[in-house]
Amino acid sequence: MQETNEKTAAMIEHLAAVNKILEKYNCDESKLIPILQEVQEEYKYLSKDVISYVATSLDIPPAKVYGVATFYAHFALEPKGKYVFKLCDGTACHVKKSHSILHALYDRLGLSDDKQTTDDLMFTVETVSCLGACGLAPVMLVNEDVYGQVKPEEAVAIIDDILAKAAAAE
Amino acid sequence: MSINKEIIVNGITVAFDNERNLLEVIRKAGIEIPTFCYHSELSIYGACRLCVVEVEGRGVMATCSTKPEPGMVIHTDTKQIRSIRKINIELLLANHDRECPSCVRSANCTLQDLARRLGVEEVRYKQLEEREEIDHSSPSLTRDPNKCVLCGDCVRVCDEVQGIGAIDFIGRGANAKVAPAFDQDLSSVECVNCGQCAAVCPTGAIIPKQDRNDVWDLLHDDSKIVVAQVAPAVRVGLGEHFGFEPGENTAGQLVNALKMMGFDYVFDTSFAADMTIFEEATEFLDRLGGSAPLPMFTSCCPAWVKFAEIYFPELLPNLSSCKSPQQMFGSVAKKVLPAKLNADKKDIVVVSIMPCTAKKYEATLDKFKHEDIPEVDKVLTTVEVGRMINSAGIKFDELDPEAFDMPLGFSTGAGVIFGATGGVMEAALRFAYEKVEGKTIKQLEFKEVRGLDAVKEATVNVGGTDLKVAVVYGLKKAKELAEKIRAGEADYHFVEVMACPGGCIAGAGQPITHDIEVRKERAKGLYTADKRMQLHKSQDNYMVQECYNECMGGEAGSHEAHHTLHTNYQNRCQIFDARVPVLKGDADKLLPIIVTICTKQENDPGQKLLALIVDYVKNNNLADKVEIEAAFTSRPSADGTIAVTVGSQTVERSKFKNAINTEEELANNAEFAKIKEAIDKELA
Ligand code: SF4
Ligand code: SF4
Ligand code: FES
């Protein structure tokens, strides 16, 4: 009995948190977007389980919730790394060769357009459309921190820095 | 009097009244406006911009999403309008897989038709190179995203008319597409196979699955005796494929054509429909006597059955346990024909000709297979048969009518009206009335349950009891009705449900139409057939009675009849639930066991039950043969009901009152005993 309960306990806890969010919004279908936002804040991404669970709880089709989740770039359907590198690919940054930064990061971490998160869930590298700081182009965000006029070597150095700190902490 | 509700279209004054948009007013005036994303039965989407016209003083406007206003002056065919429409079609074609000659919708495709009508002779944009995979997973439908023009018609019909929403837009911009949740296969989601999405799709992006080649192979295989059963609605739909007037009964020509193509025997599903009435009306009278819960729902429509299995598992005991006429036919054919034809059962092949895509799915279900022999081997739609007749070079319109073969081709008018909404109910009432009153019924027609209203209600006095009946089509409407019944707000005795608009006559396997007049004509065709037939009551079908005498215990409801003609249902409510694997054996074939845990309840009894099942399996050395999962839901389990799936067939719904607290109490629970029994049975 004990063993079986342990297997299910994590999911129950997980969904209890989703229940709280759903209750906060009275299970109101029209609040789908804020509900998904809060769920994502809690879990960093929207898993298939969570999307289905939100759908059935709101009594709407999972395809509809999945549709909303894939429409807004803000929603992540896959787990992201602890450090999320968001590289601006707006016109100004593009012209200033933001791509060379992207590829330097990809190369350093073994990532690509199809695989943007490292297996150890440390790093995610993605592009975003204009961050609105064109004066600083090319611009990059690492979690909440903004880096302006970044050079490829500098971007790679940030990674090395994080890894070195992580190693020292161990 | 209101100021003149009039507009001027191409110089002609046109009055309007309550039309919901400019488009309907202009069409009323006899001017055709091309549309892609507009359907009178669906909400307005306004995406394709084909329906544009020029409104003086306002410019170019989409008529589907513009209200008519008095005094509007409209031009529908200016140079600018023509070129806008043409460019739009060109853009759609650029995104569309142009494999037209090999597409089943060729010659019946809105995109192709408009391209021709608007004079699009070249596409200047480059075709997309990336190809999406074709979804062949569903036994009923094939989805080819490469042909999708993103009009959203399918999305809206599934959501607004069927109340399901199995497919939706996913992604955005250039990556937008229409697909099931998580971009899964259609067969892994809640799609009930009704095919109404295929019926509204203007292109070949969703089509009924084509099984013609398999059937040709069977026809060309000399070792097989190929037997056809023809559903009622097919006879009033097929003619349209060959230019007959809508509703014209071409059953006789069809029998002739099928024989020419190599079918050995051609029988009538209406025979099985009569038999369904024997069983279903008997079951109903038993239920009235208290044998099982009321209201009783019909179970002829496999799309409705799957819908109930997903959304209303608590009402499954209310579904008639009768198989659909298609499966009854298959069961009886495989039971009686081997002796009659002096052939081996495995050499007799039953091919159904159905107005329906859901019947394709139904025929594949494991519960309708016995010792690996399916009751029904292949299912063709009306249109597929039309095309087979075309390809055989048969001039259908010149054929002499021929009669169905006996005995399984003999039917009464009651079995024929099954194809229209209200028909099953009427046939059942004709039976129940005589049974209860014990005298011959004078007034045969139950007009209250006829006609194309989506929901009909009637009260019929049978033997002194007022029976409240309801007839509904469209699954969204059925959902509303079932919700009322679940909430105890409706007190019907008997409810007929069909998924398609107007019943099987407008099934997704029929020639495509969105014209309500055509549907009316098809229904009328069935009622006319009833009138012209010799017998009108299923109970008068002496060939059915003979069949009971020969091999099914002599009467409806007998033990043997139950064995052959009845079925059970599967609770599919866990389809969306978050899952956690609990135990998985390594045998080749694993018995799936899924236990629902309600997250809204602390210490939900589902958890205890799950642990008990795991212990049971382990203690009995079955752990290798099973795959146990927990399914999590927030669905209220009001009465402590837990869904437990054991295998693909058996589902036990068990009641564990919250009061049961100790393991001992639970272990001694009668419902748990049932689950143990189910596990043992499935593994035996
Ligand atoms: S077949 Fe019916 S249920 Fe399935 S996607 Fe099409 S409309 Fe929806
Ligand atoms: S599949 Fe057909 S109906 Fe659905 S959006 Fe695509 S073209 Fe329109
Ligand atoms: S029909 Fe009006 S925009 Fe498509």
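Note that the coordinates shown come from a computational prediction; the quantities given were computed from them, not determined experimentally.

Chemist: I keep staring at the sheet that holds strand E19 (residues 494–498) of chain B and nothing clicks. Help me out?
Modeler: Hydrogen bonds between backbone atoms are what pair the strands of a sheet, whose relative direction is either parallel or antiparallel. Residues and elements named next belong to chain B. Strand order in the open sheet formed by four strands is E12-E19-E18-E17, and the pairing between neighbours is mixed. Either end of the sheet is taken by a strand with one partner, and the two such strands are strand E12 (296–297) and strand E17 (455–462). Pairing of strand E18 (residues 465–473) with E19, which is carried by five bridges, proceeds in the parallel orientation. Pairing of Val-472 across the sheet is with Val-497, part of E19.

Chemist: What should I look at first to understand empty space enclosed by the protein in this one?
Modeler: A water-sized probe rolled over the atoms picks out the places where empty space is left. Residues and elements named next belong to chain B. Counting across every chain of the model gives five cavities of 30 Å³ or more. Of the volumes computed, that of the largest cavity is approximately 300 Å³. Around the largest cavity sit 28 residues that line it, and Cys-300, Cys-301, Pro-355, Lys-359 and Cys-504 are the ones nearest its centre. Breaking the lining of the largest cavity down by element, the ones donating at least two residues are helix H9 (269–288), helix H10 (302–311), helix H11 (325–341) and helix H12 (358–364).

Chemist: Any chance you could explain H11(B) here in plain terms?
Modeler: Residues and elements named next belong to chain B. Along H11, the largest kink reaches about 30° and is centred on Lys-334; proline Pro-338 follows within four residues of it. Counting buried positions over the 17 residues of H11 gives 13, a clear majority of the element. Phi for Asn-342, located one or two positions after H11, is positive at around 50°.

Chemist: How should I be thinking about the packing of H9(B) against H11(B) in this particular structure?
Modeler: Two numbers describe a pair of packed helices, the interaxial angle and the distance between the axes. Residues and elements named next belong to chain B. Running from N to C, H9 and H11 point in directions that differ by 100°, and their axes come no closer than 8 Å. Regarding the angle of H9 to H11, the classification is roughly perpendicular. Residues Thr-269, Ala-272, Ala-273, Met-275, Thr-276 and Glu-279 of H9 lie in contact with H11, whose contacting residues are Pro-325, Gln-326, Met-328, Phe-329 and Val-332. For the contact of H9 with H11, a count of residues per class yields seven nonpolar, three polar and one charged.

Chemist: How do you make sense of the interface of chain A and chain B when you look at a structure like this?
Modeler: Size of an interface, as often reported, equals the accessible area lost when the parts are brought together. The interface is formed by 28 residues belonging to chain A together with 37 residues belonging to chain B. Carbon and sulfur atoms make up 63% of the area that chain A and chain B hide from each other, which totals about 2800 Å². At the junction of chain A and chain B, the tally comes to one salt bridge. For the salt bridge of B:Asp159 with A:Lys64, the shortest nitrogen-to-oxygen distance reads 3.5 Å. Put simply, chain A and chain B have seven residue pairs in polar contact (both at pLDDT 80 or more) between them.

Chemist: Honestly, the site of ligand 1 in this entry has me stumped. Any pointers?
Modeler: Lining the immediate surroundings of ligand 1 are B:Leu141, B:Cys158, B:Ile164, B:Ile167, B:Cys191, B:Val192, B:Asn193, B:Cys194, B:Gly195 and B:Cys197. Broken down by class, the residue content of the shell around ligand 1 amounts to eight nonpolar, two polar and no charged.

Chemist: So what exactly am I meant to see when it comes to the pattern of salt bridges here?
Modeler: Side chains that carry opposite charge are capable of pairing whenever their charged atoms lie near each other. Residue and element names in this part refer to chain B. Scanning the entire structure with this criterion turns up 49 salt bridges over all chains. When the shortest N-O distance is used, the salt bridge between Glu-132 and Lys-177 registers 3.0 Å. Here Lys-177 lies in strand E8 (residues 177–180) and Glu-132 lies in the loop between helix H3 (110–117) and strand E6 (141–143), a separation of 45 residues in the sequence. Residue class for Lys-177 comes out buried when judged on its relative accessible area of 16%. The salt bridge involving Lys-537 is made with Asp-540; its shortest N-O contact spans 3.8 Å. Salt bridges linked by common partners bring Glu-426, Arg-430, Glu-445, Lys-447, Arg-450 and Asp-530 together as one network.

Chemist: How should I be thinking about the side chain of B:Thr596 in this particular structure?
Modeler: Among the secondary structure elements, B:Thr596 is positioned in strand E21 (residues 591–598). Among the polar contacts listed, one links the side chain of B:Thr596 to the side chain of B:Gln574, at a separation of 2.9 Å.

Chemist: What is the right way to read the sheet that holds strand E11 (residues 265–268) of chain B from this model?
Modeler: All names here are of chain B. Within the open sheet, the four strands sit side by side as E11-E10-E13-E16. Their pairing is parallel. At either end of the open sheet lies a strand with only one pairing partner, and these are E11 and strand E16 (378–381). Across this sheet, the average inter-strand angle for adjacent strands is 25°, counted without regard to direction. Bridging between strand E10 (residues 225–230) and strand E13 (residues 348–354) involves six bridges; their strand directions are parallel. The partner of Ile-225 across the bridge, within E13, is Ile-348.

Chemist: Before we go on, may I ask you to explain the domain arrangement of chain B in this structure?
Modeler: In terms of domains, chain B is made up of domain 1 (6–77), domain 2 (89–208), domain 3 (213–565) and domain 4 (578–683). Using only C-alpha atoms to locate each centre, domain 3 of chain B and domain 4 of chain B end up separated by 37 Å.

Chemist: Explain the pairing of E17(B) to me, please; I cannot follow it from the model alone.
Modeler: The side chains of a regular strand alternate, residue by residue, between the two faces of the sheet. Burial along E17(B) is one-sided: the residues B:Lys456, B:Ala458, B:Val460 and B:Val462 are buried and none of B:Val455, B:Glu457, B:Thr459 and B:Asn461 is. Once E17(B) ends, the chain turns through two residues before running back antiparallel as E18(B), passing B:Gly463 with a positive phi of about 55°.

Chemist: Explanation requested: the packing of helix H6 (residues 98–109) of chain A against helix H7 (residues 152–169) of chain A in the structure shown.
Modeler: Residue and element names in this part refer to chain A. Closest axis-to-axis distance for the H6/H7 pair is 8 Å, and the angle between their directions is 35°. Two packed elements cross with a definite hand, and for H6 against H7 that hand is right-handed. Two secondary-structure elements touch here, H6 through Ser-100, Ile-101, Ala-104, Leu-105, Arg-108 and Leu-109 and H7 through Pro-152, Ala-155, Val-156, Ile-159, Asp-160 and Leu-163. Of the residues belonging to the contact of H6 with H7, the class tally is nine nonpolar, one polar and two charged.

Chemist: Where do I start with the site of ligand 2 in this structure?
Modeler: By nearness alone, 13 residues border ligand 2, and B:Cys148, B:Cys151, B:Gly152, B:Cys154 and B:Cys201 come closest of all. Split by residue class, the shell around ligand 2 holds 10 nonpolar, two polar and one charged.

Chemist: Would you mind showing me how to read helix H3 (residues 48–58) of chain A here?
Modeler: Because each turn of an α-helix spans 3.6 residues, side chains separated by three or four positions end up pointing in the same direction. Residue and element names in this part refer to chain A. Here H3 lies mainly inside the structure; nine of its 11 residues are buried. Among the residues of H3, Val-50, Ile-51, Ser-52, Tyr-53, Val-54, Ala-55, Thr-56, Ser-57 and Leu-58 are the ones counted as buried. Phi turns positive one or two residues past the end of H3, at Asp-59, with a value near 60°.

Chemist: Honestly, the domain arrangement of chain A in this entry has me stumped. Any pointers?
Modeler: Parsing chain A into structural domains produces domain 1 (2–71) and domain 2 (83–169). Measuring from the centre of the C-alpha atoms in domain 1 of chain A to the corresponding centre in domain 2 of chain A gives 30 Å.

Chemist: Explain the packing of aromatic side chains to me, please; I cannot follow it from the model alone.
Modeler: Aromatic ring pairs are defined here through the distance separating the ring centres and the angle between the ring planes. Enumeration according to the criterion identifies 18 aromatic pairs over all chains in this entry. Measuring from ring centre to ring centre gives 6.3 Å for A:Tyr72 and A:Phe75, while their planes differ by 85°; the resulting arrangement is edge-to-face. We classify A:Tyr72 as partly exposed; its relative accessible area is 35%. Relative to B:Tyr311, the ring of B:Phe307 has its centre 4.8 Å away and its plane inclined at 45°; by these criteria the two rings are tilted. Linking B:Phe307 with B:Tyr311, this pair stays in helix H10, spanning four residues, or about one helical turn. For B:Tyr311, a relative accessible area of 19% translates into the label buried. One cation-aromatic arrangement involves B:Lys479 over B:Tyr311; the distance from NZ or CZ to the ring centre is 4.7 Å.

Rules behind the numbers
Residues numbered from 1 in each chain as written. Chains lettered and ligands numbered in written order. Predicted model: local features only at pLDDT ≥ 70, side-chain atom pairs only at ≥ 80, totals over all residues. Heavy atoms only, no water. Pairing = 2+ DSSP bridges. Helix = DSSP H or I, 4+ residues; strand = E, 2+ residues; numbered from the N terminus. 1 Å grid on protein atoms, 1.4 Å probe; cavity = no way out; pocket = protein on both sides within 12 Å on 5 of 7 lines; lining within 4 Å. Points joined across faces, edges and corners; volume = space filled by probe spheres on them. Bend = angle between axes of the 7 residues up to and from the residue. Buried < 20%, exposed > 50% of the residue type's maximum accessible area, 1.4 Å probe, protein only. Axes fitted to C-alpha atoms, helices over the stretch in contact; angles between N-to-C directions. Parallel < 35°, antiparallel > 145°, perpendicular 65-115°, else oblique. Contact = heavy atoms within 4.5 Å. Nonpolar A, V, L, I, M, F, W, Y, C, P; charged D, E, K, R; others polar. Buried area = accessible area lost by both parts, 1.4 Å probe. Salt bridge = Lys/Arg side-chain N within 4 Å of Asp/Glu carboxyl O. Polar contact = N/O pair within 3.5 Å; in protein donor to acceptor, adjacent residues only side chain to side chain. Near = heavy atom within 4 Å. Domains from an automatic or database assignment. Left-handed = near helix turned anticlockwise from the far one by under 90°. Phe/Tyr/Trp six-rings, centres within 6.5 Å; stacked < 30°, edge-to-face > 60°. Lys NZ or Arg CZ within 6 Å of the ring centre and 35° of its normal.

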